[in-house]
Amino acid sequence: MSIADLEQLSRLTIWTAIAIYALAFIVYALDISKRAQLAVERKDAVVRERVLVGAGVASGDITVPAASAPVARAADVAPAPRNVYARIATSLMWLAFLFHLGGTVMRGFAAGRVPWSNMYEFAMTGTLLIAAVYLGVLFRHDLRYLGTFISGMLVLLLGGSAVGFYVAITPLSDPLKSPWLVIHVFVATTATAFFALACGLSVLQLAQMRRDSKRASGLEVKHSFLDTIPGADKLEGLAYRFTIIGFILWTFTLIAGSIWANDAWGRYWGFDTKEVWTFVIWVLYAGYIHARATRGWRGARSAWLSIIGFVAVLFNFTIVNMFFKGLHAYSGLS
Amino acid sequence: MSTSPSKPRPPRGETNDPLRPADHIDADPNAVTSPALGVVGWLRWAWRLLTSMRTALVLLLVLAIAAIPGSIFPQRSADPNGVVQWQTDNPDLFPVLDGIQLFDVYTSVWFSAIYLLLFISLVGCIIPRIKHHAKALRSRPPRTPARLARLEDHRIDEFEVPGDAATQAEHAVDVAAGQLRGAGYRVERYDGRGSFSVSAERGYARETGNLLFHISLVGVLVSVGLGGGLSYTGQTVIVEGSTFVNQLVDYTQMTKGQFVNESALSPYAMTLDSFDVKYQPYDPTGPASGQAGDFAANMTIRASDGQKSEQSIRVNHPLSLGGDRVYLLGNGYAPQITVRNAAGEVVFSGKVPFLPQNNATMTSLGVVKVTDGMPEQLGLLGFFYPTAAKLETGALTSVYPALIAPTLTFNVYEGDLGINDGSPKNVYTLDTSSMKQLNGGDTGVKAIELTPGGTAQLPNGLGSVTFENADPNKTPSPLANQSTDFSKSVPRYVSIQMRHDPTAIFVLSFAILALGGLLLALFIPRRRLWVRATPKDGRVVLEYAGLARGEDPQLGAAVTAFADKHQSTLSAADSKVD
Ligand code: HEM
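Computed from a predicted structure; not experimentally measured. (Residues numbered from 1 in each chain as written. Chains lettered and ligands numbered in written order. Predicted model: local features only at pLDDT ≥ 70, side-chain atom pairs only at ≥ 80, totals over all residues. Heavy atoms only, no water.)

### Quick notes on the overall build of chain B
- Of regular secondary structure, chain B possesses 10 helices and 26 strands.
- Taken against the 2.2 N^0.38 rule, which gives 25 Å for 578 residues, the C-alpha radius of gyration of chain B at 38 Å runs more than 25% over that of a compact globule.
- Considered along the principal axes of its C-alpha atoms, chain B spans approximately 125 × 65 × 50 Å.
- Buried positions account for 46% of the 578 residues belonging to chain B.
- Once local pairs closer than 6 in sequence are excluded, the contacts in chain B between residues at least 24 apart make up 63%.
- Counting every atom, chain B has about 28500 Å² of accessible surface; 57% of that belongs to carbon and sulfur.
- Side chains of chain B give 49 positive and 53 negative charges; the mean places of these two sets differ by 10 Å. (Helix = DSSP H or I, 4+ residues; strand = E, 2+ residues; numbered from the N terminus. Rg over C-alpha atoms; globule rule 2.2 N^0.38 Å. Buried < 20%, exposed > 50% of the residue type's maximum accessible area, 1.4 Å probe, protein only. Contact = heavy atoms within 4.5 Å. Areas by Shrake-Rupley, 256 points an atom, 1.4 Å probe, with all protein chains shown as cover. Lys, Arg positive; Asp, Glu negative; His and termini not counted. Charge placed at Lys NZ, Arg CZ, Asp CG, Glu CD.)

### Concerning the interface of chain A and chain B
- The partner chain B presents 72 residues to the 70 residues of chain A that form the contact.
- Interface of chain A and chain B: buried area, both sides summed, is about 5800 Å²; carbon and sulfur atoms make up 63% of it.
- Among the residues of chain A in contact with chain B, D174, Y268 and R295 of chain A are the three that bury the most area, contributing 12% of the side total.
- Viewed at the interface, chain B and chain A are joined by four salt bridges.
- For D294 of chain B, the salt bridge is made with K177 of chain A, and the minimal N-O distance between the two is 2.9 Å.
- Summed over the shared surface of chain A and chain B, the result is 19 residue pairs in polar contact (both at pLDDT 80 or more).
- Elements supplying a minimum of two residues to the side of chain A that touches chain B: β1 (63-65), α6 (232-264) and α7 (273-292) of chain A.
- Of the residues forming the side of chain A that touches chain B, the biggest block, 15 residues, is contributed by α6 of chain A.
- Split into classes, the residues belonging to the side of chain A that touches chain B amount to 40 nonpolar, 16 polar and 14 charged. (Buried area = accessible area lost by both parts, 1.4 Å probe. Salt bridge = Lys/Arg side-chain N within 4 Å of Asp/Glu carboxyl O. Polar contact = N/O pair within 3.5 Å; in protein donor to acceptor, adjacent residues only side chain to side chain. Nonpolar A, V, L, I, M, F, W, Y, C, P; charged D, E, K, R; others polar.)

### Considering unusual backbone geometry
- Positive phi, normally seen in glycine, also occurs at R193 of chain B, with a value near 50°.
- A relative accessible area of 88% means that R193 of chain B is categorised as exposed.

### Some points on the packing of aromatic side chains
- Following the criterion strictly, the structure yields 32 aromatic pairs over all chains and no others.
- A connected cluster of aromatic rings, assembled from ring pairs, spans W269, F271 and F279 of chain A together with Y106, F111 and Y115 of chain B.
- In this arrangement the basic side chain of R11 of chain A is found over the ring face of Y166 of chain A, its NZ or CZ atom lying 3.6 Å from the centre.
- The side chain of R301 of chain A reaches across the aromatic face of W297 of chain A, ending 4.8 Å from its centre. (Phe/Tyr/Trp six-rings, centres within 6.5 Å; stacked < 30°, edge-to-face > 60°. Lys NZ or Arg CZ within 6 Å of the ring centre and 35° of its normal.)

### A word on the pairing of strand β2 (residues 186-189) of chain B
All names here are of chain B.
- Note: β2 against strand β3 (residues 196-202), four bridges, orientation antiparallel. Within β3, the residue paired with R186 across the bridge is E201.
- Linking β2 back to β3 in an antiparallel pair, the connection comprises six residues, with G192 at a positive phi of about 135°. (Pairing = 2+ DSSP bridges.)

### Some points on the sheet that holds strand β22 (residues 455-457) of chain B
Residue and element names in this part refer to chain B.
- The strand order across the open sheet formed by four strands is β13-β12-β23-β22, and the pairing between neighbours is antiparallel. Single-partner strands in this sheet number two, and they are β13 (346-351) and β22. The average undirected angle you get between the axes of adjacent strands in this sheet is 15°.
- Here five bridges tie strand β12 (residues 336-341) to β13, and the two strands are oriented antiparallel to one another. Following the sheet pairing, T338 is matched in β13 by S349. (Axes fitted to C-alpha atoms, helices over the stretch in contact; angles between N-to-C directions.)

### Structural notes on the site of the ligand
- In the vicinity of the ligand there are 25 residues, among which H290 of chain A together with H24, C125, N210 and H214 of chain B approach most closely.
- The site occupied by the ligand is bordered by residues of chains A and B.
- R20 of chain B places a side-chain nitrogen or oxygen 3.4 Å from an oxygen atom of the ligand.
- In this structure, an oxygen atom belonging to the ligand sits 2.7 Å away from a side-chain N or O atom of H24 of chain B.
- Elements supplying a minimum of two residues to the shell around the ligand: α7 of chain A together with α2 (53-67), α6 (109-138), α8 (204-230) and α9 (504-523) of chain B.
- By residue number, the principal contributor to the shell around the ligand is α6 of chain B, which donates five residues.
- Tallied by class, residues from the shell around the ligand come to 16 nonpolar, seven polar and two charged. (Near = heavy atom within 4 Å.)

### What to know about the packing of α6 of chain A against α9 of chain B
- Two numbers describe how α6 of chain A lies on α9 of chain B: the axes approach to 11 Å, and their chain directions differ by 170°. In this view, α6 of chain A runs roughly antiparallel relative to α9 of chain B, as classed from their interaxial angle. Where α6 of chain A abuts α9 of chain B, its residues Y240, I244, I245, F247, I248, T251, F252, I255 and I259 of chain A lie against L508, A511, I512, L515, L518, L519, L522 and F523 of chain B.
- Considering only residue class, the contact of α6 of chain A with α9 of chain B consists of 16 nonpolar, one polar and no charged. (Parallel < 35°, antiparallel > 145°, perpendicular 65-115°, else oblique.)

Encoded structure:
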């Protein structure tokens with residue numbers, strides 16, 4: 001198979017992945033409407049008592065568990081039973097991910113280098129990592145209620161770049177011939193994936209908070225799929241945990257980028273447009289972390305910061321790459 | 001574990017809790033922070049305000065916003081030509097925006113004010129915390145709370161025990177204390193009032209990490225600041241075959257901090273032996289046609305100690321030389337040009353660096369200035385086309401960056417070059433304001449057009465100009481055309497940057513420390529665990545409870561896991577006794 005054939009096959013595979021992500025998006029959307037329906041059926045919100053049992057200890061003596069029962073929100077308990085749609089959608093995500101991975105690997109082989117050195121490839125690898133982090137996190141937390149958000153974003157970003165950013169393979173320009181291309185860009189993209197999850201959670205957190213405050217002021221709240229997902233506090237905690245992982249990766253990105261710039265451009269920092277935006281994003285997320293620790297800012301305001309941070313990440317990737325002048329002219333578009 | 005809304009507020013203000021500003025989420029909300037009377041009171045209030053969480057947060061957000069204009073408007077530091085261009089495009093708006101320093105954002109008054117305030121707030125915030133933390137590191141875990149069951153993460157088990165309940169209870173707490181110590185907790189026994197208990201705390205490294213992070217940020221800022229004064233950046237151009245000596249006069253440009261001693265330049269020299277570059281093959285439809293890469297400036301270096309060596313400078317691979325880092329920044333063609341006057345005397349001879357106008361085709365612009373030996377000063381404005389082709393209009397262009405059909409054209413100007421007043425002039429530009437154009441353009445006289453080895457007469461019988469072939473063995477015969485190998489006919493030059501920044505290594509070290517501190521601060525949980533055993537009617541009541549100090553999603557699981565482990569150790573010991 002020639003290089004050109006491999007490139008074409010990669011393109012085809014990526015398009016297949018986009019189609020399957022779109023399918024997953026539809027099924028996740030069905031899942032949400034199903035959840036909403038379930039929420040209505042469970043009209044009388046179940047308040048389950050969770051009993052912390054000290055049982056199960058193989059003590060030879062008698063165990064008298066003392067009941068201590070914090071009241072749990074219905075939503076903290078396992079979500080709707082038999083989540084058929086969510087299961088199908090997640091399987092589709094896996095399938096799409098495998099195609100996506102295949103297409104990315106083929107692109108890398110065809111180019112004879114890592115597949116992230118122009119906009120089309122950044123988008124391809126970036127969305128691959130978002131999918132990977134989402135699917136990976138599912139092993140630990142049931143975040144399938146974020147599936148619509150994630151798959152929708154994947155379709156938009158990957159589809160958009162396949163339409164708008166596609167370029168044939170070109171050799172690397174000299175400054176990119178560096179091991180830092182592998183490390184710096186990869187870590188930055190992984191950070192983006194965690195920020196994406198956090199952003200989705202913060203959006204849902206804001207939605208939950210609105211419902212909570214409506215409820216608190218005695219207003220009627222419609223049942224919706226929000227009844228089947230964790231409450232605002234828990235969403236916020238999760239968002240925070242993903243953000244700090246992303247923040248640490250981003251800090252590393254910043255440092256690695258400076259080391260690279262010091263080799264390639266003759267200074268470690270020069271307020272080049274891309275450097276400015278990397279810094280702005282870093283400061284925004286530092287602000288988010290502080291906001292979480294500041295009275296009056298935890299909750300809605302910090303959630304907004306998480307969303308703004310991710311908007312800045314997307315802006316950095318799209319608008320800054322395409323329209324801002326600077327040394328990082330690697331979009332491959334002209 | 002779920003968070004219930006009526007979470008009992010844990011005891012505050014204990015000496016080994018990390019010190020936090022008053023508006024920290026965990027701080028006592030009742031602490032009053034309105035200005036007290038008197039100057040001192042007012043100052044203290046202002047200081048508390050400046051070092052509060054909210055101020056730090058707002059300053060961070062303002063800093064983020066303030067950095068953005070520098071990515072929208074061209075900056076003098078990064079893109080001086082862009083600033084000039086912007087000024088030409090927007091002559092009316094320029095002075096207004098320049099007045100508010102939008103073209104020098106990162107050295108502007110307002111940007112500096114923001115980061116200085118943040119810096120002061122940062123220092124003011126961490127100093128008391130360091131003092132406090134140093135004390136906390138030496139303190140003991142606090143007394144076991146009387147009502148452990150009020151804590152959110154707790155567990156109570158009751159056991160029937162053989163023998164004396166009090167002995168068994170004490171033994172259980174001994175075991176727990178040992179296990180906690182083994183798990184990295186600092187432990188303290190609090191026995192009495194009919195029960196035995198151990199109080200344990202771990203994760204002091206969380207606050208250590210947090211402080212390390214913030215201190216390292218100060219370190220980064222200070223190092224960068226010092227670097228500004230101690231560093232210099234110089235640029236120069238070296239043509240193939242010529243030598244650069246590291247002294248001020250050999251630089252075309254030099255920016256240096258106010259503490260740099262010019263006479264301390266390290267005495268090294270380098271000669272450009274050759275320059276390598278590879279171009280992607282010509283392919284008018286392909287995206288990579290003519291893309292250049294694998295640049296290498298092959299140098300002979302004479303180091304300060306007189307040692308000679310041959311080394312290449314490549315992109316991403318700067319050379320370390322006498323405390324400087326030497327970078328390959330750019331390259332171009334330097335056609336060798338000879339100008340003779342009407343009497344045939346050489347009035348100018350040299351390899352003239354031409355500035356590339358377009359990297360894909362290497363169409364380049366250069367200037368020859370003849371100061372003496374002519375009736376009046378002459379300026380030759382030249383265009384160089386490595387692979388010349390004619391456009392439909394008849395004008396020349398270059399279609400490929402390598403030397404396939406090199407062509408040089410000249411427009412000749414006569415008059416005053418404007419260099420006699422001694423003010424420095426850019427070697428790449430010709431100030432034609434007091435000169436008269438003799439050929440090209442609208443003059444009606446054809447521009448001079450030369451190929452390597454060719455000579456042409458200057459207008460008005462002023463003399464001649466020759467485009468020397470640097471590879472004379474291959475001087476083209478008039479009959480040869482396409483097959484002539486011009487690949488070595490024009491010398492190359494490189495532009496080189498020397499950078500000396502003794503603080504860069506400190507910036508890097510502090511940055512890495514900051515990252516390390518961040519990992520500790522964000523991933524090490526600070527938590528307290530208590531185990532209390534109370535003998536009661538021949539039974540033992542075992543209570544376990546945990547308290548998070550800061551973000552700690554795993555606390556509930558940790559309490560359960562510890563209780564399980566503790567009880568299984570106890571029962572294992574029991575069964576042995578049995
Ligand atoms: C130069 C700007 C600053 C940056 C980039 C920054 C960044 C950060 C980051 C990333 C954290 C998270 C690490 C951790 O939780 O331990 C943090 C925490 C913290 N920062 Fe800063 N900080 C800055 C300035 C300040 C200032 C001026 C203060 C004083 C008010 C401050 C007080 C704190 C406190 C108290 C925490 C702990 C928050 C918690 O309890 O979780 N920081 N900071």
